[in-house]
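Listed below, chain by chain, are the residues.
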Amino acid sequence: MTTTVARRPRGSRRTGVAWLFLAPFAIVFLLYTAVPTVAALGFSLTDLRGTDLRDPFAVDFTGLENYLRLFQDESFLRDILNTALFVVVGVPLTMGIGFALAFALNTGIRRLRGVFRVVFFAPVVTNIVAVALIWQYAFNAGGTVNKVLGAVGFAGPNWLDDPNLAMPVVILLGIWRNFGTAMVLFLAGLQAVPQDVYEAAALDGAGRWRQLRNITLPLLLPTTLMVSVLLTVFYLQVFDEPYLLTNGGPLGSTESVALYTYHQFGSGALGTSSAASFVMLVLVMLVSVVQFRLLRPRA
Amino acid sequence: MSTIATVRDTEMISARVAVRRRSVTRPLLYGALVLCALLTMLPFVWVISGSLRSLDEIRSDPGAWLPAHATLGNFTRLFATEGFGGYLVNSIVVAIIVVAGNIVAASAAGYALAKLDFAGKRLAFGAVMAAMMVPFTAVFVTQFVITVDMGLADTLAGIALPGVAMPMSVFIMRQYAMSIPGELLEAARIDGAGEFRIFFRIFLPLAGPAVATITIMSFLASWNNFIWPLIVAQSMSSYTLPVGLAATSQAASHVTDYGLLLAGAIVVMLPVLVLFLFLQRYFVQGVAGTGMR
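Residues numbered from 1 in each chain as written. Chains lettered and ligands numbered in written order. Predicted model: local features only at pLDDT ≥ 70, side-chain atom pairs only at ≥ 80, totals over all residues.

Asks: Could you give an account of the overall build of chain A, naming the residues involved and the relevant values?
Replies: Of the regular secondary structure elements, chain A holds 14 helices and 0 strands. Listing every helix and strand of chain A by position from the N terminus yields α-α-α-α-α-α-α-α-α-α-α-α-α-α. Scaling as 2.2 N^0.38, a compact globule of 299 residues should have a C-alpha radius of gyration of about 19 Å, whereas chain A reaches 25 Å, well beyond that. If you line up chain A on its principal axes, its C-alpha atoms span 80 × 75 × 30 Å. Counting every position in chain A, which comprises 299 residues, the buried fraction comes to 44%. The contacts in chain A between residues at least 6 apart in sequence include a share of 70% that link residues at least 24 apart. (Helix = DSSP H or I, 4+ residues; strand = E, 2+ residues; numbered from the N terminus. Rg over C-alpha atoms; globule rule 2.2 N^0.38 Å. Buried ≥ 20, exposed ≤ 12 C-beta atoms within 10 Å, placed from the backbone. Contact = placed C-beta atoms within 7 Å.)

Asks: Residues and numbers for the overall build of chain B, please.
Replies: Along chain B, the regular secondary structure elements total 14 helices and 0 strands. Seen in sequence order, chain B has helices and strands lined up from the N terminus as α-α-α-α-α-α-α-α-α-α-α-α-α-α. The globule rule puts the C-alpha radius of gyration for 293 residues at 19 Å, and the 27 Å found for chain B is more than 25% above it. In terms of principal-axis extent, the alpha carbons of chain B reach across some 85 × 65 × 35 Å. When each of the 293 residues of chain B is scored for burial, the buried share is 43%. For chain B, long-range pairs separated by at least 24 residues make up 77% of all intrachain contacts whose partners lie at least 6 apart in sequence.

Asks: Report on the nonpolar core, specifying residues and quantitative values.
Replies: Generally speaking, nonpolar side chains in soluble globular proteins are found buried as a group. Formed by 164 residues in total, the largest nonpolar core has its most connected members in Val129 and Ile134 of chain A together with Ala109, Leu262 and Ala265 of chain B. No other element matches helix H14 (residues 258-290) of chain B, which puts 15 residues into this core. Excluding anything up to four places from it in sequence, Ile134 of chain A contacts Pro43, Trp46, Val47, Leu262 and Ala265 of chain B. (Core = buried A, V, L, I, M, F, W, Y, C linked by C-beta atoms within 7 Å.)

Asks: Run through the interface of chain A and chain B, naming residues and quoting values.
Replies: The interface of chain A with chain B comprises 77 residues on the first partner and 70 residues on the second. For the side of chain A that touches chain B, the class distribution of residues is 53 nonpolar, 19 polar and 5 charged. (Nonpolar A, V, L, I, M, F, W, Y, C, P; charged D, E, K, R; others polar.)

Asks: Tell me about the confidence of the model for chain B, and name the residues and values.
Replies: Residues and elements named next belong to chain B. Looking at chain B, the pLDDT average stands at 87 and 90% of residues meet or exceed 70. Low pLDDT, under 50, characterises residues 1-7; the stretch is placed with 0 contacts to residues that sit more than four places away or in other chains. Complex prediction metrics read pTM 0.87 and ipTM 0.85. (pLDDT = per-residue confidence, 0-100.)

Asks: Give a detailed account of unusual backbone geometry, specifying residues and quantitative values.
Replies: Following Gly249 of chain A, the chain continues into Pro250 of chain A via a peptide bond in cis, with omega recorded as -10°. Look at Leu112 of chain A: it is not a glycine, yet its phi comes out positive at around 65°. With respect to the helices and strands, Leu112 of chain A occurs in the loop between helix H4 (74-108) and helix H5 (113-125). On the basis of neighbour count, Leu112 of chain A is assigned to the partly exposed category, with 14 C-beta atoms found within 10 Å. Positive phi, normally seen in glycine, also occurs at Asp154 of chain B, with a value near 60°. The topology assignment puts Asp154 of chain B in the loop between helix H6 (136-149) and helix H7 (156-160).

Asks: Tell me about the packing of helix H2 (residues 15-44) of chain A against H6 of chain B, and please be specific about residues and values.
Replies: For the pair H2 of chain A and H6 of chain B, interaxial distance at closest approach is 8 Å and the crossing angle is 105°. When the axis of H2 of chain A is compared with that of H6 of chain B, the two are roughly perpendicular. Packed against H2 of chain A, whose contacting residues are Leu31, Tyr32, Thr33, Pro36, Thr37, Ala39, Ala40 and Phe43 of chain A, the element H6 of chain B presents Ala138, Val139, Val141, Thr142, Gln143 and Ile146 of chain B at the interface. (Axes fitted to C-alpha atoms, helices over the stretch in contact; angles between N-to-C directions. Parallel < 35°, antiparallel > 145°, perpendicular 65-115°, else oblique.)

Asks: Tell me about the packing of helix H4 (residues 84-115) of chain B against helix H11 (residues 208-224) of chain B, and please be specific about residues and values.
Replies: Residues and elements named next belong to chain B. One can describe the packing of H4 onto H11 by two numbers: an axis separation of 9 Å at closest approach and a directional angle of 140°. Our pair here, H4 against H11, has a crossing hand that is right-handed. Facing Ser91, Val94, Ala95, Val98, Val99, Asn102, Ile103, Ala106 and Ser107 of H4, the residues of H11 in contact are Val211, Ile214, Thr215, Ser218, Phe219, Ser222 and Trp223. A breakdown of the residues in the contact of H4 with H11 according to their chemical character gives 10 nonpolar, 6 polar and no charged. (Left-handed = near helix turned anticlockwise from the far one by under 90°.)

Asks: Give a description of the environment of Val289 of chain A that names residues and reports values.
Replies: Residues and elements named next belong to chain A. Within the fold, Val289 resides in helix H14 (residues 270-295). Owing to 12 C-beta atoms within 10 Å, Val289 belongs among the exposed residues under this scheme. C-alpha separation for the pair Val289 and Val229, spaced 60 residues apart in sequence, amounts to 9.7 Å.

Asks: Quick one: what's the story with the confidence of the model for chain A, residue by residue and with numbers?
Replies: Across chain A, pLDDT averages 86, with 92% of residues at or above 70. This stretch, residues 1-6 of chain A, has a pLDDT under 50; its non-local contacts, to residues over four places away or in other chains, come to 0 contacts.

Asks: Tell me about the environment of Tyr258 of chain B, and name the residues and values.
Replies: Note on placement: Tyr258 of chain B falls in helix H14. A tally of 28 C-beta atoms within 10 Å means that Tyr258 of chain B is categorised as buried. Sequence separation of Tyr258 of chain B and Arg59 of chain B is 199 residues, and the distance between their C-alpha atoms is 9.0 Å. When sequence neighbours within four positions are dropped, the list of residues in contact with Tyr258 of chain B reads Tyr137 of chain A together with Gly50 and Ile58 of chain B.

Asks: Quick one: what's the story with the environment of Asn106 of chain A, residue by residue and with numbers?
Replies: Residues and elements named next belong to chain A. Mapped onto the fold, Asn106 is located in helix H4. Among the residues examined, Asn106 registers 17 C-beta atoms within 10 Å and is labelled partly exposed. Once the C-alpha coordinates of Asn106 and Leu45 are considered, the two residues, 61 residues apart in sequence, prove to be 52 Å apart. What Asn106 contacts, discounting residues up to four positions off in sequence, is Leu187, Leu190 and Gln191.

Right, here's the structure in full:
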């Protein structure tokens, strides 16, 4: 115990060797994270275009012009609202499903627990490009989904071509892909609750419902916060689902901020794209700082 | 006596009530779970059935649940005329580079962060945490500019490089290394072993489980990565499977050629799903430990 408190002898410091061990990570970090983050801020203050790539220092400094234009761009504002909708609808639904399944698997049943866990987690590891194609196949005008609806007397719409219906389908794909992550994290949280707390509560006459409300949920609060922050970060950055299902259409109704950034990049407006991505960075960092604070006691 | 008897009686009664209540709710719960499982599995049913249907069949009845005449023709077309053999090789090459890079970089960095005392340690760990937070959307434009400047645009190296030292892997290794007792390493040091000898001979053999998790998580990340290869790969010769599949689906001639596209979807997702079935514990641990996918 005392050795940790006392000043360590100089000989135990191995700065040179340690940085040699860290070198591969450090080089990749500098090249692909540190420099790009700083450079993105720099680019966002210029009128850089795709055609200037060969000579990036020939561009003009334009100050905050990109940011001003960004917040006057109706499609960017619409995309912020779309992204907010993703978060506000997606996070609670994903968490609700994830928690319900974790609770059922942990306390409700004994058999087939492993099988259910594999099934519910499979979407998390499944390739999104492949899944998006399957959804297009199922949700197209004559697809299986509409066939089922037709059988019960509804005329199914052309889901992904309807500005009002495309978004729910895109969000549903997001939920399908992510609820397994929430479930696994909640399962870990539930398994960490000591069993004797429940036994004590049962002896005191607390029923299952009261045990859930007065013991499980309060003890799961740190897990719940962590999952909600994690999913918020996922959905804030949502790209794959809208890009693959609708490419942001119809009429921009499913375009997210990340997709806006990509479309600006594709049209060659790298300055605008960088400004939009920097707005995203600030948002995600804000949420992540909260997450970091929540995770730190465990690390 | 009588009070003890009543206590025991009420206990037995309440136990019997509990048993009876459970015997009603438990089948209901299983039923609900089976229904959820079927709904979750629905896309997998669609993809298998759809991939076995011919183009004519899908055009005449796009919504049929089962193939009328199952055929493997879509799979042969993928490899014979759509270039999926090349995409498959590219995906494998990129995955090998990424996994090897992560094992080397994360083992070394995680060991240093957990077991060595050095100047700048807090800074280095801060960099790992920061790198996990920075959203891809914020850096991909500059990453692309750097890739172009290095002459790596449209190459497999350009696709693989940003992923060869993922902060997630370093974090996994660091957390695992914290649990290895320092006395072992200290004893070797007293015996005069050099730092690299200690790392290779003593630390690495003990770090097997973390190496396994890193292998699986980085393979998953590499195999399923989509946006970055989409940006870097500009010609068929460097498409990975997901990019190739997306490109195939966007080609005008394939818009309703769902049989072909769903066969492609199976080729893209099968390797990971098979690995997942055999090694699901590591997948789940990796996600639960880092919140990444």
